[in-house]
Amino acid sequence: MKRFRKHFCFNRTNIVCLASVALVIFFTTENSYASEPILITISDRMSDVIFDGRWTFKAEWKNSSLETLSYLDKTEIQLRTAHHGNFIFVFVDFVSDTHLNKGSDRVLVCFDTKNDKTSKSGSDDYCFMSVLGRNTPMTFQGGSPFALNGHFKKIPNPEGLIGIGAVSDENDRYSKIPHPSYEFRIPTDLVGRSNNYGFYVGVFDSQFNKVYSWPPEIFVDRPFQIPSPSTWEDLVSPDNSLPEFEWHLLILLPGLIFVIFVTKLKN
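Described below are features of the structure shown in this document. (Residues numbered from 1 in each chain as written. Predicted model: local features only at pLDDT ≥ 70, side-chain atom pairs only at ≥ 80, totals over all residues. Heavy atoms only, no water.)

Turning our attention to the state of the cysteines. As used here, a disulfide is simply a covalent bond connecting the sulfur atoms of two cysteines. Within the structure shown, the criterion is met by one disulfide. Through a disulfide, Cys110 is tied to Cys127; the S-S separation comes to 2.0 Å. One quick way to see it: the torsion about the S-S bond of Cys110 and Cys127 is about 110°, and its sign makes the bridge right-handed. Remark: Cys127 occurs in strand S7 (residues 125-131) and Cys110 occurs in strand S6 (residues 106-112); sequence separation between them is 17 residues. By the burial criterion, Cys110 is buried, and Cys127 matches it. (Disulfide = S-S within 2.5 Å. Helix = DSSP H or I, 4+ residues; strand = E, 2+ residues; numbered from the N terminus. Buried < 20%, exposed > 50% of the residue type's maximum accessible area, 1.4 Å probe, protein only.)

Below, the structure written as structure tokens:
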């Protein structure tokens, strides 16, 4: 404590000292809201998911990675991610939104497949939108010459894509009060297999005409606005499992281990 006073209060009044301490606390508190990469896990239980837009049964999304998104106005969104087979799975649970505006509330989930974080979106950037009360998603791809929507254009939905927005029920893990929730199944045939995507989530609350973004540092003032990929954070597979082993590699692995074992014996 004496060392602290020496650095912050030497030859200064108590008011200046307190102001300095307050600034340190302020910036520390603000930084606590800074985003970190979302960690995605592999889970074969994703094949059990019933795609109806809500948490359907007790263990449905249990075996997936969880990220709680918290905001300064006390808004809370539960984000769960996993991958299995040829799909990435995303569940967005807007726990704090008790105003159910079907056809208006929506979620946007975006992938920068090369994670090159370009200031202008390219053909390697994709976004998927789900609207509350609807079971038909929309797909957007970067690279458009028109800047109105972040250089994204609407394209046909890829085969296998699912995006459904629904109202939660008593099975929801986080709140029994009805609120919007969204389920996505996104084909890796479109976004590719990577251990590190650029990643963005925008949740639109039409009641207050407000978008809650992840990363939270991104400010969006229009419900259809897609921010620059340069501002997105990362979706990371920490165990390198997203580019899952190809079968021919699994077949060769025992032989490789045997060769290494014999070589060590000879040495």
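Next comes the rest of the account.
With that settled, the discussion passes to the pattern of salt bridges. Applying the stated criterion to the full structure yields four salt bridges. Across the pair Lys210 and Asp73 runs a salt bridge, and its minimum N-O distance is 3.2 Å. Of this pair, Lys210 sits in strand S13 (residues 210-214) while Asp73 sits in the loop between strand S3 (65-70) and strand S4 (76-84), placing them 137 residues apart in sequence. Exposure remark for Lys210: the relative accessible area of 36% places this residue in the partly exposed category. The class for Asp73 is partly exposed, based on a relative accessible area of 36%. (Salt bridge = Lys/Arg side-chain N within 4 Å of Asp/Glu carboxyl O.)

Our focus in this paragraph is the environment of Ile162. With respect to the element layout, Ile162 can be found in strand S10 (residues 162-167). For the pair Ile162 and Phe51, spaced 111 residues apart in sequence, the C-alpha to C-alpha distance is 7.8 Å. Dropping the residues within four chain positions of it, Ile162 is found in contact with Phe51, Pro137, Glu183, Phe184 and Arg185. (Contact = heavy atoms within 4.5 Å.)

Next up on the list: the pairing of S4. Counting buried residues along S4, seven of its nine residues qualify, which places the element largely inside the surrounding structure. Pairing geometry for strand S2 (residues 41-42) and S4, over two bridges, is parallel. Opposite Ile42, over in S4, you have His83 as the bridge partner. As paired elements, S3 and S4 share six bridges and run antiparallel to each other. Note that in S4 the partner of Ser70 across the bridge is Glu76. Between S3 and S4, which pair antiparallel in sequence order, lie five residues; one of them, Lys74, sits at a positive phi of approximately 75°. Two strands pair when backbone bridges link them, and S4 and strand S5 (residues 87-93) are joined in this way by seven bridges, in the antiparallel orientation. (Pairing = 2+ DSSP bridges.)

Mapping Ser168 onto the fold places it in the loop between S10 and strand S11 (180-187). Residue class for Ser168 comes out buried when judged on its relative accessible area of 6%. If we skip the residues at most four places from it in the chain, Ser168 touches Arg54, Ile177, Pro178, His179 and Ser181.

In terms of nonpolar packing, the biggest core is built from 30 residues, with Phe111, Ile186 and Phe199 touching the most fellow members. Secondary structure elements with two or more residues in this core: S4, S5, S6, S7, S11, strand S12 (196-205) and S13. If you tally residues by element for this core, the top one is S12, at four residues. Beyond its immediate chain neighbours, meaning those up to four positions away, Phe199 contacts Ile38, Leu79, Val109, Cys110, Phe111, Trp214, Pro215, Trp232, Glu233, Asp234 and Leu235. (Core = buried A, V, L, I, M, F, W, Y, C linked by side-chain atoms within 4.5 Å.)

We now examine the pairing of S11. Across the eight residues that make up S11, a large majority, seven, are buried. Alignment of S10 against S11, held across six bridges, turns out to be antiparallel. Across the sheet, Ile164 pairs through a bridge with Glu183, a residue of S11.

In short, shape yes, function no, at least from these values alone.
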